[in-house]
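The residues making up each chain are set out below.
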Amino acid sequence: MSQHDLFSPIALGDLQLRSRIVMAPLTRCRASAGNVPNALNVEYYRQRASAGLIISEATQVVPEGQGYPTTPGIHSGAQVEGWKKITDVVHAAGSKMVLQLWHVGRVSHLVFQPDGKLPVAPSAIAPKGQLYDNAWKKIDYVAPRALELSEIPGVIAGYVKGAENAKLAGFDGVEVHGANGYLLDQFLRDSTNKRADAYGGSVQNRARLMLEVTEAVVGVWGASRVGIRLSPLNPNNDIADSDPKGTFGYVARELAKLKLAYVHVLEDVKTPPGDEVTSTIKAAWGAPVVANFGYTLETAQAAIREGRADAIAFGKLFIANPDLPKRLAAGGPFNEWDMKAFYGGTEKGYTDYPALG
Ligand SMILES: Cc1cc2nc3c(=O)[nH]c(=O)nc-3n(C[C@H](O)[C@H](O)[C@H](O)COP(=O)(O)O)c2cc1C
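Criteria and cut-off values
Residues numbered from 1 in each chain as written. Predicted model: local features only at pLDDT ≥ 70, side-chain atom pairs only at ≥ 80, totals over all residues. Heavy atoms only, no water. Near = heavy atom within 4 Å. Polar contact = N/O pair within 3.5 Å; in protein donor to acceptor, adjacent residues only side chain to side chain. Areas by Shrake-Rupley, 256 points an atom, 1.4 Å probe, with all protein chains shown as cover. Nonpolar A, V, L, I, M, F, W, Y, C, P; charged D, E, K, R; others polar. Helix = DSSP H or I, 4+ residues; strand = E, 2+ residues; numbered from the N terminus. Salt bridge = Lys/Arg side-chain N within 4 Å of Asp/Glu carboxyl O. Buried < 20%, exposed > 50% of the residue type's maximum accessible area, 1.4 Å probe, protein only. Expected span 1.5 Å × (residues − 1). Patch = residues over 30% accessible without salt bridge, like charges linked within 9 Å, V, L, I, M, F, W, Y side chains within 5 Å. Axes fitted to C-alpha atoms, helices over the stretch in contact; angles between N-to-C directions. Parallel < 35°, antiparallel > 145°, perpendicular 65-115°, else oblique. Left-handed = near helix turned anticlockwise from the far one by under 90°. Contact = heavy atoms within 4.5 Å. Pairing = 2+ DSSP bridges.

1. Focus on the site of the ligand
The local shell around the ligand holds 18 residues, among which T27, R229, N292, G294 and G315 are the closest. Between Q100 and the ligand, the recorded distance is 2.9 Å, taken from a side-chain N or O atom to a nitrogen atom. The fraction of the free accessible surface of the ligand (610 Å²) that becomes covered by protein chains is 89%. Counted by class, the shell around the ligand contains 9 nonpolar, 7 polar and 2 charged residues.

2. Details of unusual backbone geometry
A cis geometry characterises the amide bond from G332 onward to P333, with omega recorded as 0 degrees. Checked against the element boundaries, P333 lands in the segment after α11 (324–330). Unusually for a residue other than glycine, N237 sits at a positive phi of about 65 degrees. Examined against the element boundaries, N237 turns out to sit in the loop between β11 (226–230) and α7 (244–256).

3. Focus: the pattern of salt bridges
For the structure shown, the criterion picks out 15 salt bridges. A salt bridge links E306 to R308; the shortest N-O distance between them is 2.8 Å. Of the residues examined, E306 reaches a relative accessible area of 41% and is grouped as partly exposed. The class for R308 is partly exposed, based on a relative accessible area of 22%. Salt bridges sharing common partners tie together R106, K128 and D238.

4. Focus: helix α6 (residues 208–221)
Over its 14 residues, α6 runs 20 Å from end to end, which matches the ideal 20 Å to within 8%, given 1.5 Å per residue. Here α6 has its buried residues at L209, M210, L211, V213, T214, V217, V218, V220 and W221. Once α6 ends, the next one or two residues include G222, with phi positive near 85 degrees.

5. Focus: a nonpolar patch on the surface
Taken together, the side chains of Y132, W136 and Y343 make up a nonpolar region of the molecular surface, amounting to roughly 320 Å² of accessible area. Relative to the helices and strands, Y343 resides in the segment after α11.

6. Side note on the packing of α7 against helix α8 (residues 276–285)
Each pair of packed helices can be summarised by the angle the axes make with each other and by the distance between the axes. Contact pair α7 / α8: the axes reach a minimum separation of 8 Å and the direction vectors enclose 20 degrees. By the angle between their axes, α7 is roughly parallel relative to α8. Relative to α8, the crossing made by α7 is right-handed. Along the contact surface, α7 presents P244, K245, F248, G249, A252, R253, L255 and A256, while α8 presents E276, V277, T280, I281, A284 and W285. Tallied by class, the residues present in the contact of α7 with α8 amount to 9 nonpolar, 2 polar and 3 charged.

7. Observations regarding the packing of helix α3 (residues 152–168) against α6
With their axes 9 Å apart at the nearest point, α3 and α6 run at an angle of 35 degrees to one another. Judged by the twist between their axes, the crossing of α3 over α6 is right-handed. Between α3, through I152, I156, Y159, V160, A163, E164, A166 and K167, and α6, the contact on the second element is made entirely by L209, E212, V213, A216, V217, V220 and W221. For the contact of α3 with α6, the residue count by class is 12 nonpolar, no polar and 3 charged.

8. Things to note about the sheet that holds strand β4 (residues 53–60)
Here 8 strands make up a closed barrel; going around it, the order is β3-β4-β5-β10-β11-β12-β13-β14 and the pairing parallel. Neighbour-to-neighbour, the strand axes of the sheet open up by a mean angle of 25 degrees, direction not taken into account. One ladder, built from 4 bridges, connects strand β5 (residues 96–102) with strand β10 (residues 173–177); its direction is parallel. Paired with L101 across the bridge in β10 is V176. Against the sheet, helix α1 (residues 39–47) engages β3 (21–23), β4 and β5, with an angle of about 150 degrees to β4.

Spatial relationships are all this shows, so hold off on functional conclusions.
In structure tokens:
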């Protein structure tokens, strides 16, 4: 049992938060030309800056890392300038903000790639299903190109550059996106990684890229300002693992050695109060845990009180409720989210959700 509740302060490494209420990373596909954050994005984050911590929407570290229309990047000077305006308003409101470092790997298409090349991945296996192109038309995924061993240092360098740019843009730290079937998760899982070199095969090899990227990013920020997101049981983007407990037990033990600010786990809500794999990660971790997936005021408070999490990330509730901490403190009411406005568009379903009077 813990004496703390959702509204008490906490330190995640060197990130001093005024509450344990975290805004989850939320892709909204509303950047301007060049994938540059704009004034509307500034307003969206400003409205939500009463959170203890804001995790930015996933942000591609290199042009090749993009897989959706108008998602922001952190690889150009204009993008850094755009993000700087966001971190300024978030800081002015007393909140902290980390950037989620993203490379989608195979969850992309020629239409998003520089020079219309194939997307890259651990192995040449297409995800099942379809994606949206730049005109929001559904198209089939393609089989990606397997990265050459000699290209791996370049991939790591992309994350390092993104982490350096996040510093220039005024963030308080970064979150390595190791979740949801994107590049690092693709390397980690045996359904998407069929490599026969040092980055495939055993769990030690499959985890290598995630660990090397995280270590390299720690080299930029220091461990106390770096978190990582994992989603052991999320099948999104056609990802699977024959032994999630073994895979994530190993990864968590190795990541724990880096003494990061936090691990952010997307849990399996089907097995409340927590699934076995998440418990394995938490047991190996020994440092702050940010938990996410379907939390409400009641389940969030219970998780903190019972010591199952140190902070809670809210996704859809933060989309629909710009003043979510105030509403949680008041016990509601909560606005409903509009799924149709999640991705793309303008202020409708983005910055027009009402705050409490
Ligand atoms: C519109 C939308 C965009 C999302 N974008 C991201 C993202 O950029 N990065 C990420 O790690 N997860 C992303 N997620 C997952 C959320 O961070 C979160 O894990 C999920 O919504 C479950 O939490 P909730 O039940 O509190 O909404 C997204 C989810 C939604 C609904």
